[in-house]
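Each chain, written out:
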Amino acid sequence: MYDKTMEWSKHRYAAFFLSFTSFIEAIFFPIPPDVMLIPMSMSKPQSAVRFALYTTIASVLGGIIGYGLGYFAVDWVQHYVQQFGYQHHWDTAISWFEKWGVLVVFVAGFSPIPYKVFTICAGVMQMAFFPFVITAFISRAARFLLVAKLAAWGGEKFAAKLRRSIELVGWSVVVLAVVVYLIWR
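Residues numbered from 1 in each chain as written. Predicted model: local features only at pLDDT ≥ 70, side-chain atom pairs only at ≥ 80, totals over all residues. Heavy atoms only, no water.

For the chain, the name recorded in an unreviewed UniProt entry is SNARE-like domain protein, with Pasteurella dagmatis ATCC 43325 as its organism.

Student: Looking at this structure, I do not really get the overall build of the chain. What am I missing?
Tutor: Each helix and strand in the chain was counted, giving nine helices and zero strands. The buried share of the chain, taken over its 185 residues, is 41%. Across the chain, the fraction of contacts at a sequence separation of at least 24, relative to all contacts at a separation of at least 6, is 77%. Put simply, the chain shows about 11,000 Å² of open surface, and 72% of that area lies on carbon and sulfur atoms. (Helix = DSSP H or I, 4+ residues; strand = E, 2+ residues; numbered from the N terminus. Buried < 20%, exposed > 50% of the residue type's maximum accessible area, 1.4 Å probe, protein only. Contact = heavy atoms within 4.5 Å. Areas by Shrake-Rupley, 256 points an atom, 1.4 Å probe, with all protein chains shown as cover.)

Student: In this structure, what is going on with the packing of aromatic side chains? I would like to understand it.
Tutor: Aromatic ring pairs are reported here in terms of the distance separating the ring centres and the angle at which the planes meet. Enumeration according to the criterion identifies 11 aromatic pairs in this entry. Counting every residue linked through ring pairs, the aromatic cluster contains Y67, Y71, F72, F129, F130 and F132. Taking the ring centre of Y115 as reference, the NZ or CZ of R140 above it sits at 4.0 Å. (Phe/Tyr/Trp six-rings, centres within 6.5 Å; stacked < 30°, edge-to-face > 60°. Lys NZ or Arg CZ within 6 Å of the ring centre and 35° of its normal.)

Student: Explanation requested: the environment of T55 in the structure shown.
Tutor: By secondary structure assignment, the location of T55 is in helix 4 (residues 48-72). Judged by relative accessible area, which is 0%, T55 ranks as buried. Residues T55 and F23, spaced 32 residues apart in sequence, show a C-alpha to C-alpha distance of 7.9 Å. Those residues within four positions of T55 in sequence are excluded, and the remaining contacts are L18, S22, P33, L37 and F144.

Student: It is not clear to me how the UniProt feature "transmembrane region" (unreviewed entry) in the chain should be interpreted in this structure. Could you clarify?
Tutor: On the UniProt side, "transmembrane region" (unreviewed entry) is annotated at positions that read residues 12-31, 51-72, 93-111, 117-139 and 166-184 here. Taken end to end, residues 12-31 is 60% helix and 0% strand, and its first and last C-alpha atoms sit 21 Å apart. For residues 117-139, the helix share is 83%, the strand share is 0%, and the end-to-end C-alpha distance is 15 Å. (UniProt positions renumbered as here; feature names shortened; annotations may be inferred.)

Student: I would appreciate a short explanation of the pattern of salt bridges in the present structure.
Tutor: Charged atoms that come close allow side chains of opposite charge to pair. Within the structure shown, the criterion is met by three salt bridges. Ionic pairing is found between E25 and K116, a salt bridge with its closest N-O pair at 3.6 Å. In this pair, E25 is assigned in helix 2 (residues 14-25) and K116 in helix 8 (residues 115-124), connecting sequence segments 91 residues apart. (Salt bridge = Lys/Arg side-chain N within 4 Å of Asp/Glu carboxyl O.)

Student: Mind showing me how you'd approach the environment of F129 here?
Tutor: Within the secondary structure layout, F129 lies in helix 9 (residues 129-184). Classification of F129 as partly exposed rests on a relative accessible area of 32%. Note: C-alpha distance between F129 and Y67 (62 residues apart in sequence) is 8.5 Å. Among all residues touching F129, those that are not within four sequence positions of it are I64 and Y67.

As structure tokens, then:
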């Protein structure tokens with residue numbers, strides 16, 4: 001999978017794939033755009049900032065769609081949340097919005113927390129639109145610039161080290177996901 005991702009990162013349409021992944025991740029897609037951003041920035045370090053900008057803009061646009069989905073389709077979203085057993089997680093996100101407001105969007109945009117939950121939740125909560133967009137842009141830009149610049153800085157040496165330890169990293173993520181699931185359950 002790692003080798004295939006590295007191959008895709010050098011494809012002539014890689015920037016489009018990166019942007020598309022970033023866009024749909026902010027609405028429903030479970031894989032973060034970092035999966036493409038990191039190898040693209042490692043293979044073309046001089047373009048890392050440009051890749052981060054594409055990722056940011058596409059993510060914010062996707063976040064706007066997610067916001068609209070929450071704003072205009074509240075009943076459908078609530079049905080989906082209940083149908084798939086996410087009510088506890090949803091209630092937690094709603095309580096965070098009620099307590100911290102726009103700060104939640106900033107934290108969600110910068111962190112590895114699933115961004116889509118918070119874009120849709122911001123719409124359901126009818127959060128002020130322009131503060132949502134501005135906060136989303138700042139947090140997503142900060143995150144993607146940091147990721148892209150670190151990957152570009154590490155370059156091919158980092159890629160070789162990552163290649164050797166990718167299986168350990170992958171299994172560590174799986175274990176972490178199981179632990180988080182068991183805690184949040």
